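Below, each chain spelled out in residue letters.
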Amino acid sequence: MNKVTLASDWLEGCAGCHMSLLDMDERIIELVQMGLVLTATPITDLKIPAFDTDLGVIEGAVATDHQLEVAKLYRERCKVLVALGDCAVFGGINTMRNWIPIEELLRRGYVTTETTVDGKIPKGPGIGTHLPRCMALNEVVKVDFFIPGCPPSADAIYQVLKDVLEGKTPKLEGKLLSYE
Ligand code: SF4
């Protein structure tokens, strides 16, 4: 049985795409029995992907310097890179912020909301700095495969992973290829 290692991470997203991955339910066991090895993921044990990871799966757009670093690291270390969900594929809803100056946006989020008292914009070494624009994953690194949808269905994710484990080029069509 051929092993296929998979690492994943979420960037500027809502975690919904990873929830959809979990929605595969017992089919995750089936994929593991076919040779899938989950290595570094937010739903298992998030860490830096090992060199020569077979599949890197990224949810979310790229909006901060930290996220840019993660995207580049995944590209460097994963043989095949997958953009999971509309945020990674197109930038998604996150790109609405591209028309608003960052400082104004942060003030609205942390200082001037109706329910905030003495708010301040968080800053510090552990907090990423916003890039001038929020971008789709393929604007910053080469992406090999796109799974659109918000979130993509568990069926679509299952189909892609199954195809890879069977040594086929993943192909989404019909109901599995959804932009909703
Ligand atoms: S594509 Fe949808 S479900 Fe996935 S991270 Fe973006 S907003 Fe969330």
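In case you missed it, the structure is sitting above this.
Residues numbered from 1 in each chain as written. Predicted model: local features only at pLDDT ≥ 70, side-chain atom pairs only at ≥ 80, totals over all residues. Heavy atoms only, no water.

A.B. asks: Can you break down the packing of aromatic side chains residue by residue, with the values?
C.D. replies: Enumeration over the complete set of coordinates arrives at one aromatic pair. Between Phe-90 and Tyr-179 the ring centres are 6.0 Å apart and the planes differ by 40°, which places this aromatic pair in the tilted class. Note that Phe-90 is positioned in helix H4 (residues 86–90) and Tyr-179 in the segment after helix H6 (154–165), a separation of 89 residues in sequence. In this structure Phe-90 comes out as partly exposed when scored by relative accessible area, which is 45%. When the ring centre of Tyr-158 is taken as origin, the NZ or CZ atom of Arg-27, which lies over that ring, is 4.8 Å away. (Phe/Tyr/Trp six-rings, centres within 6.5 Å; stacked < 30°, edge-to-face > 60°. Helix = DSSP H or I, 4+ residues; strand = E, 2+ residues; numbered from the N terminus. Buried < 20%, exposed > 50% of the residue type's maximum accessible area, 1.4 Å probe, protein only. Lys NZ or Arg CZ within 6 Å of the ring centre and 35° of its normal.)

A.B. asks: Provide a residue-level description of a nonpolar patch on the surface, including the pertinent values.
C.D. replies: The grouping of Trp-10, Met-19 and Leu-22 at the surface amounts to a nonpolar patch, some 250 Å² of accessible area in total. Here Leu-22 lies in helix H1 (residues 16–22). (Patch = residues over 30% accessible without salt bridge, like charges linked within 9 Å, V, L, I, M, F, W, Y side chains within 5 Å. Areas by Shrake-Rupley, 256 points an atom, 1.4 Å probe, with all protein chains shown as cover. Salt bridge = Lys/Arg side-chain N within 4 Å of Asp/Glu carboxyl O.)

A.B. asks: Now, about unusual backbone geometry: what can you tell me, with residues and values included?
C.D. replies: Note that the residue after Cys-150, namely Pro-151, is joined by a cis bond; omega there is -10°. Despite not being glycine, Ala-15 shows a phi value in the positive range, around 80°. Tracing the sequence through the fold places Ala-15 in the loop between strand S1 (4–10) and H1. The exposure class assigned to Ala-15 is buried, which follows from its relative accessible area of 17%. Positive phi, close to 65°, is recorded for Asp-52, a residue that is not glycine. As for its placement among the helices and strands, Asp-52 is situated in the loop between strand S2 (36–38) and strand S3 (53–59). Asp-52 gets classed as exposed once you look at its relative accessible area, which sits at 57%.

A.B. asks: Could you give me a rundown of the layout of surface pockets, with the residues and numbers involved?
C.D. replies: Space inside the largest pocket adds up to approximately 390 Å³. Pro-122, Ile-127, Gly-128, Thr-129 and His-130 are, among the 15 residues lining the largest pocket, the residues nearest its centre. Looking at the lining of the largest pocket, the element that brings in the most residues is helix H5 (residues 102–110), giving four residues. Among the residues making up the lining of the largest pocket, the classes are represented as six nonpolar, seven polar and two charged. (1 Å grid on protein atoms, 1.4 Å probe; cavity = no way out; pocket = protein on both sides within 12 Å on 5 of 7 lines; lining within 4 Å. Points joined across faces, edges and corners; volume = space filled by probe spheres on them. Nonpolar A, V, L, I, M, F, W, Y, C, P; charged D, E, K, R; others polar.)

Any functional reading would require information that these geometric values do not contain.
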